[in-house]
Each structure stands twice: as structure tokens, then as C-alpha cells.
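Coordinate analysis (summary)
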Amino acid sequence: MPAKRSFDRETIINAAFNIIRTKGRKSLSARTLASSLESSTMPIYSMFSSMKALEKDLEKKAFDLFAEYTNKVVTGDSYMDISWGYIRFARDEKELFKLMFLDSRSKNVAAYKKNKEFILGQLTRQLRQSGDFDDLSDSEMARAMEFNEIFIHGISSLIVSGRFENQSDDHILSLIKEIREFLVRGKTLSEYIQKLKQGAKSLASKIELSE
């Protein structure tokens, strides 16, 4: 009789996490997890009382990976780095992004709100420290973060759904830079558009003078 296989808690979590990040949440079950471990379901339930208990560890692991993305210093600009990390996570980890930010199940909506509070809190603190947003009141800053969520989450969702064609680093970073400029220079969309028009007119005048 072959010896029974045993697995530690971390091995089971990692195997389940790999299923989710490659095949999606719906592909995870006690049976598919046991198959990936080449075992029966017994070792899984010897470590976890239920699959729901396992899911809590998986949610934490997903969030920890997400935090690695948003905390990574790439440009040295807090807004750029956090926003870029958010979008890169969506581009690199589509299934995890769906689970964390697009899943309509009530518990995941609650998790999204919790993640959102963490991200916006982190971003607001770092932007205040940068000095670029010092002239914004608390209500204006909250409004700026609302706009930011629409832009950054919107881009991320389009990438995950396959509706965002140019996913190159340079293109996405240029968009984030434009969004940052909007948040800093124009407190409303109409103000920002007006500033863009003024900038275009100024550039056209310089070109005419040079000719």
C-alpha cells in the first residue's frame, strides 16, 4: 500500500493560489486542488475546516502580492508608482484582479471597499507628503481621488477584459502622467480641458514664431 501523502499548510495555500491566478476562482474546488497536489482531499481538510477557511488565506496572499505592486518604487513619484502598480497588477494578474476588484459576490464587494480604502488612504498620505497637492482642501482631495479611481480602475478593467489595445509601459505611463496633471492642475474636468487648449494655443504660437 502506498504511503499517504502529507502537505503543510503553506504548500496547500500555494497550490490553491496557483489555480486561482492561472484558471480563475471558479476553477478552485477541493477536487481540483487535490488533483494538483496528486492527492486525495483528506490532507486539505486536515489543514482547513472548509474551502471557505482556505479562501481567507488566499485573499490575504492576493492582497499581499497586490501591495508589492503598489509599493514598488519605479519612477520615484508616489502617484505614478501606486497608479502604475495598480494597472500592472491588472495586466500581469488578470484572474486575481477579477477576484479582488470585479467579483460581484457580496463578500468580495466588501473586500473591494476595504482594498479601496487602503489604496486611497496610502495614495492620499503620500501625495500630501509630496507637496504637489498642498493647495487642495480635504474635500477637493477626496474628489481628486474619486476621479483617480475612475481613470485608473477604468484602464485596469479595460485591460482585464481585453479591450485596451496598447498595453506598453510607455503608453500607460504617459496616460497616468496626464491623469496626474489633471488632478494637480485642474480641479474639474472642464478646467483641465481649458488648460490643455491654452497649452495647445501657446505651442502653436511658438511654432508660428519659429517659422
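Residues numbered from 1 in each chain as written. Predicted model: local features only at pLDDT ≥ 70, side-chain atom pairs only at ≥ 80, totals over all residues. Heavy atoms only, no water.

Along the protein, the regular secondary structure elements total ten helices and zero strands. Listing every helix and strand of the protein by position from the N terminus yields α-α-α-α-α-α-α-α-α-α. Put simply, the protein has 211 residues, and 38% of those count as buried. Long-range contacts, defined here as pairs at least 24 residues apart, represent 60% of the contacts in the protein between residues at least 6 apart. (Helix = DSSP H or I, 4+ residues; strand = E, 2+ residues; numbered from the N terminus. Buried < 20%, exposed > 50% of the residue type's maximum accessible area, 1.4 Å probe, protein only. Contact = heavy atoms within 4.5 Å.)

Another aspect to go through is the packing of aromatic side chains. Tallying each qualifying case throughout the model produces eight aromatic pairs. The structure contains a cluster of three or more aromatic residues connected by ring pairs, namely Phe 63, Phe 66, Tyr 69, Tyr 86, Phe 89, Phe 97 and Phe 101. The ring of Phe 17 is capped by Lys 61, whose NZ or CZ atom sits 5.4 Å from the centre of that ring. (Phe/Tyr/Trp six-rings, centres within 6.5 Å; stacked < 30°, edge-to-face > 60°. Lys NZ or Arg CZ within 6 Å of the ring centre and 35° of its normal.)

Here we come to unusual backbone geometry. Positive phi, close to 55°, is recorded for Glu 38, a residue that is not glycine. As for its position among the elements, Glu 38 is in the loop between helix 2 (30–37) and helix 3 (42–47).

Okay, the pattern of salt bridges next. If you walk through the whole model with that rule in mind, you get nine salt bridges. Where Lys 98 meets Glu 95, a salt bridge forms, and the shortest distance between an N and an O atom there is 3.4 Å. Highlighted residues: Lys 98 and Glu 95, both in helix 6 (residues 94–102), separated by three residues, approximately one helical turn. Connected via shared salt-bridge partners are Arg 91, Asp 92 and Asp 169. (Salt bridge = Lys/Arg side-chain N within 4 Å of Asp/Glu carboxyl O.)

Here the focus is helix 4 (residues 51–71). Taking 1.5 Å per residue, 21 residues should reach 30 Å; helix 4 reaches 30 Å between its end C-alpha atoms and fits that length. Every buried residue of helix 4 is listed here: Met 51, Leu 54, Glu 55, Leu 58, Ala 62, Leu 65, Phe 66, Ala 67, Tyr 69 and Thr 70. (Expected span 1.5 Å × (residues − 1).)

Within the largest apolar cluster, 56 residues are counted, with the highest numbers of intra-cluster contacts made by Leu 33 and Phe 89. At the level of elements, helix 1 (9–23), helix 2, helix 4, helix 5 (78–92), helix 6, helix 7 (106–130), helix 8 (138–160) and helix 9 (169–185) are the ones that each hand at least two residues to this core. Excluding anything up to four places from it in sequence, Phe 89 contacts Ala 62, Leu 65, Phe 66, Tyr 69, Lys 94, Leu 96, Phe 97, Met 100 and Phe 101. (Core = buried A, V, L, I, M, F, W, Y, C linked by side-chain atoms within 4.5 Å.)

What follows is about the packing of helix 5 against helix 6. Remark: helix 5 packs on helix 6, axes separated minimally by 5 Å, with the N-to-C direction vectors making an angle of 115°. Contact residues: Tyr 86, Phe 89, Ala 90, Arg 91 and Asp 92 in helix 5; Lys 94, Leu 96, Phe 97, Met 100 and Phe 101 in helix 6. (Axes fitted to C-alpha atoms, helices over the stretch in contact; angles between N-to-C directions.)

All right, on to helix 2 then. Among all positions in helix 2, only Ala 30, Leu 33, Ala 34 and Leu 37 are buried. Seen along its axis, helix 2 keeps its buried residues to an arc of 100°; they face one direction. Opposite the packed face of helix 2, turned more than 90 degrees from it, sit the exposed residues Arg 31 and Ser 35. Tucked inside the fold, the buried residues of helix 2 contact helix 1, helix 3 and helix 4. Positive phi appears at Glu 38, one or two residues downstream of helix 2, with a value of about 55°. (Arc of directions from axis to C-beta.)

Their axes nearest at 6 Å, the elements helix 1 and helix 6 cross at an angle of 95°. With respect to their mutual orientation, helix 1 and helix 6 come out roughly perpendicular. Judged by residue contacts, Phe 17, Ile 20, Arg 21, Thr 22 and Lys 23 of helix 1 engage Glu 95, Leu 96 and Leu 99 from helix 6. Taken together, the residues of the contact of helix 1 with helix 6 break down into four nonpolar, one polar and three charged. (Parallel < 35°, antiparallel > 145°, perpendicular 65-115°, else oblique. Nonpolar A, V, L, I, M, F, W, Y, C, P; charged D, E, K, R; others polar.)

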